[in-house]
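Survey of secondary and tertiary structure
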Amino acid sequence: LMIGAMVEVPALLFELDLNCRRSSAQLSRVLNRSRQTVDYRIERLMDRGILLNFHTTINFCRMGYRLYKVHLRLRNLPHVKARLRDFLFSIGKVYWVGQCSGTWDILFGLFYRDERELFPVTNQLLRDYEDAIVEHAGWPMVDVVQFPKSYLTEKTVPPRMLIGDVMSHELDEADSALIVELVHDARSPLIKLADVVNLSPTAVQRRLQRLENLGII
């Protein structure tokens, strides 16, 4: 990126982090830049690997789920680590996996409605990877707050609650399909989303607004 763009890039990243579904025209008004400039900056950030993708943060608690965090310390067996990651992704209840160094090697989070759903997962994990796991620990996640990336700009924005009181809002098949699409590409156009769920763009927009009002997205 050119030096002259360095002032506006942090502000653009900040605004995308707050709500990346806003159109280039909406972002241009907030940033006081042309729509073409916004599009160009986003494209350049993606080309350089600074922006990897756009995803929607989901509040599972507003869908009736609870969250559980697991930490694993492993023996230095690279092939086992790769197999373990594949296992975690195959479960269908793991929403996040992180690999790190230090006290723990792998961290992951599970979502569940009833604690009994955790037992088959943890039992299989400890049984199938007994030789690789040196130590493990797990905790239910009660309150998680996401703070905006204020280090990018001087703006002050209130934090958002990501995990809190469990509420069960009724979602139909179209709602679930929209959430899946937005997790993979939060900037997916309304036309594309409408094709996925076989609804009109207007109906999709109403559904997205409802999901946002409920605090699910």
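Above this note sits the structure.
Residues numbered from 1 in each chain as written. Predicted model: local features only at pLDDT ≥ 70, side-chain atom pairs only at ≥ 80, totals over all residues. Heavy atoms only, no water.

Judged by nonpolar contacts, the single largest core of 19 residues is most densely connected at Leu72, Leu84, Leu88, Phe108, Leu110, Leu125 and Tyr129. At the level of secondary structure, the elements contributing two or more residues to this core comprise strand E1 (66-74), helix H4 (78-91), strand E3 (106-112) and helix H5 (118-128). For Leu88, the residues in contact, after removing those within four places along its chain, are Val94, Val97, Ile106 and Phe108. (Core = buried A, V, L, I, M, F, W, Y, C linked by side-chain atoms within 4.5 Å. Buried < 20%, exposed > 50% of the residue type's maximum accessible area, 1.4 Å probe, protein only. Helix = DSSP H or I, 4+ residues; strand = E, 2+ residues; numbered from the N terminus. Contact = heavy atoms within 4.5 Å.)

Turning next to the pattern of salt bridges. Side chains that carry opposite charge are capable of pairing whenever their charged atoms lie near each other. In total, this model carries 13 salt bridges according to the counting rule given. We note a salt bridge from Arg41 to Glu8, for which the minimum N-O separation is 2.6 Å. Linking Arg41 in helix H3 (residues 35-47) with Glu8 in helix H1 (residues 8-18), this pair joins segments that are 33 residues apart in sequence. By relative accessible area, which is 13% here, Glu8 ends up buried. In this structure, Lys149 engages Asp17 in a salt bridge whose closest nitrogen and oxygen atoms are separated by 3.1 Å. Here Lys149 is found in the loop between strand E5 (144-146) and strand E6 (160-163), whereas its partner Asp17 is found in helix H1, with 132 residues between them in sequence. (Salt bridge = Lys/Arg side-chain N within 4 Å of Asp/Glu carboxyl O.)

What follows covers the environment of Leu182. Examined against the element boundaries, Leu182 turns out to sit in helix H6 (residues 173-184). On the basis of relative accessible area, Leu182 is assigned to the buried category, the value being 0%. Spatially, the C-alpha atoms of Leu182 and Phe54 are 8.4 Å apart, while their sequence positions differ by 128 residues. Non-local contacts of Leu182, meaning those with residues more than four positions away in its chain, are made with Arg21, Phe54, His55, Thr56, Leu193, Leu208 and Ile217.

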